[in-house]
Amino acid sequence: MREKHFAGAKLPGRHAKSGFKEYQAHNDGQTKAKAGCVKFARDFLEGNARNLIMVGRTGTGKTHLACAVARNVLNQHKYARYITSEDMANEIASSWKRESNDSEEHAVYRFTEYDLLILDEYGLHDRHENRLQLVHKVLYSRYDEGKSTMLISNMTLDELKKDLGDRLWSRFQHDGLSIIECNWADQRMQGVGGGV
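Computed from a predicted model, the values in this text were never measured in an experiment.

(A) Spotlight on the confidence of the model for the protein chain. When pLDDT is averaged across the protein chain, the result is 88; 88% of the residues are at 70 or more. Within the protein chain, the lowest mean pLDDT, 80, falls on helix H1 (residues 2-9), and the highest, 97, falls on strand S4 (residues 148-153). With pLDDT under 50 throughout, residues 192-196 is counted as low confidence; its partners more than four residues away or in other chains account for 18 contacts.

(B) Structural detail: the nonpolar core. Residues Met54, Val69, Leu116, Ile118 and Met150 are the most contacted members of the largest nonpolar core, which totals 29 residues. Put simply, the parts of the chain that give this core at least two residues each are H1, helix H2 (28-45), strand S1 (51-56), helix H3 (62-75), strand S2 (80-84), strand S3 (116-122), S4 and strand S5 (177-182). Take this core: its biggest share by element is eight residues, from H3. Those residues in contact with Leu116, other than ones at most four positions away along the chain, are Phe40, Phe44, Val69, Val73, Tyr79, Ala80, Arg81, Arg142, Ser148, Thr149 and Met150. Among the nonpolar cores identified, the runner-up in size contains 27 residues, and Val108, Val138, Leu139 and Leu164 belong to it.

(C) Looking closely at the sheet that holds S1. Spatial strand order, S2-S3-S4-S1-S5: five strands in an open sheet with parallel pairing. Edge positions in the sheet fall to S2 and S5, since each of these pairs with one other strand and no more. Ignoring strand direction, the axes of neighbouring strands in this sheet form an average angle of 10°. Here S1 runs beside S4; their pairing, made up of four bridges, is parallel. Residue Ile53 lies in a different strand from S4, and its bridge partner there is Leu151.

(D) Structural context of empty space enclosed by the protein. One pass over the structure, following the stated rule, counts one cavity of 30 Å³ or more. Space inside the largest cavity adds up to approximately 110 Å³. Lining the largest cavity are 13 residues, with Asn51, Arg142, Tyr143, Lys147 and Arg171 positioned closest to its centre. Secondary-structure elements contributing two or more residues to the lining of the largest cavity are helix H6 (129-144) and helix H7 (157-173). The class makeup of the residues in the lining of the largest cavity is five nonpolar, three polar and five charged.

(E) Looking closely at the pattern of salt bridges. Applying the stated criterion across every chain yields a total of three salt bridges. In this structure, Asp43 engages Lys39 in a salt bridge whose closest nitrogen and oxygen atoms are separated by 2.7 Å. Of the two residues, Asp43 and Lys39 both sit in helix H2, four residues apart, roughly one turn of that helix. For the salt bridge of Arg50 with Asp43, the shortest nitrogen-to-oxygen distance reads 2.8 Å. A residue is classified by how much of its surface remains accessible, and Arg50, at 9% relative accessible area, is buried. According to the relative accessible area criterion, Asp43 is buried, its value standing at 11%. Linked through salt bridges whose partners overlap, the residues forming this network are Lys39, Asp43 and Arg50.

(F) Inspection of the pairing of S3 at higher detail. Counting buried positions along S3 yields six of seven residues, so the element is predominantly enclosed. Sheet analysis places S2 next to S3, joined by five bridges and oriented parallel. Bridged to Ile83 within S3 is Leu119. Relative to S4, S3 is paired through five bridges, and the arrangement is parallel.

(G) Here's a closer look at the packing of helix H4 (residues 85-94) against helix H5 (residues 104-112). Two elements in contact, H4 and H5, have axes separated by 8 Å at closest approach and are oriented at 145°. Contact residues: Met88, Glu91 and Ile92 in H4; Glu104, Ala107, Val108, Arg110 and Phe111 in H5. Looking at the contact of H4 with H5 residue by residue, the class counts come to five nonpolar, no polar and three charged.

Here is what the cut-offs are and how they apply
Residues numbered from 1 in each chain as written. Predicted model: local features only at pLDDT ≥ 70, side-chain atom pairs only at ≥ 80, totals over all residues. Heavy atoms only, no water. pLDDT = per-residue confidence, 0-100. Helix = DSSP H or I, 4+ residues; strand = E, 2+ residues; numbered from the N terminus. Contact = heavy atoms within 4.5 Å. Core = buried A, V, L, I, M, F, W, Y, C linked by side-chain atoms within 4.5 Å. Buried < 20%, exposed > 50% of the residue type's maximum accessible area, 1.4 Å probe, protein only. Pairing = 2+ DSSP bridges. Axes fitted to C-alpha atoms, helices over the stretch in contact; angles between N-to-C directions. 1 Å grid on protein atoms, 1.4 Å probe; cavity = no way out; pocket = protein on both sides within 12 Å on 5 of 7 lines; lining within 4 Å. Points joined across faces, edges and corners; volume = space filled by probe spheres on them. Nonpolar A, V, L, I, M, F, W, Y, C, P; charged D, E, K, R; others polar. Salt bridge = Lys/Arg side-chain N within 4 Å of Asp/Glu carboxyl O.

Below you can see the structure in the form of structure tokens.
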């Protein structure tokens, strides 16, 4: 049952076993980012359903930390789902072509019902206006249901605010918002293992 529960979260294979213990902090920024994610996970499990935004350069360990949060949530029998913004938009859009009883509304609902949604790579491959609207529909729906969302992007915080728009940015902050900015160098390029 535990394996099925974790499989349903669809964590990327590279990070399926990434936890907080495996995250190697080599600078103050990484130490603060890890502490922020640990606090977010702890608060979430205590019933504080707020949101977290993690922005910064590629290779800074954002996905590792997000998966560490997910693993802690899953270990307590909560439902989490990891997906990229592009893949979520494509999955919802594909409901338009299905001949089954699936619909865009049902597809949005599926992403709304998770206790925690981790939406990675926001702003990378979801630039088609209709696809971005689908992503935003899920974010609005999760707000309406009081569900926690982790949004991860390579955008700057100012770029992300502009892209989400005033209405969605306001909703993201309503129940409390944690922001983690990952501004250090790409750890993959430096050959530092475990931190990304």
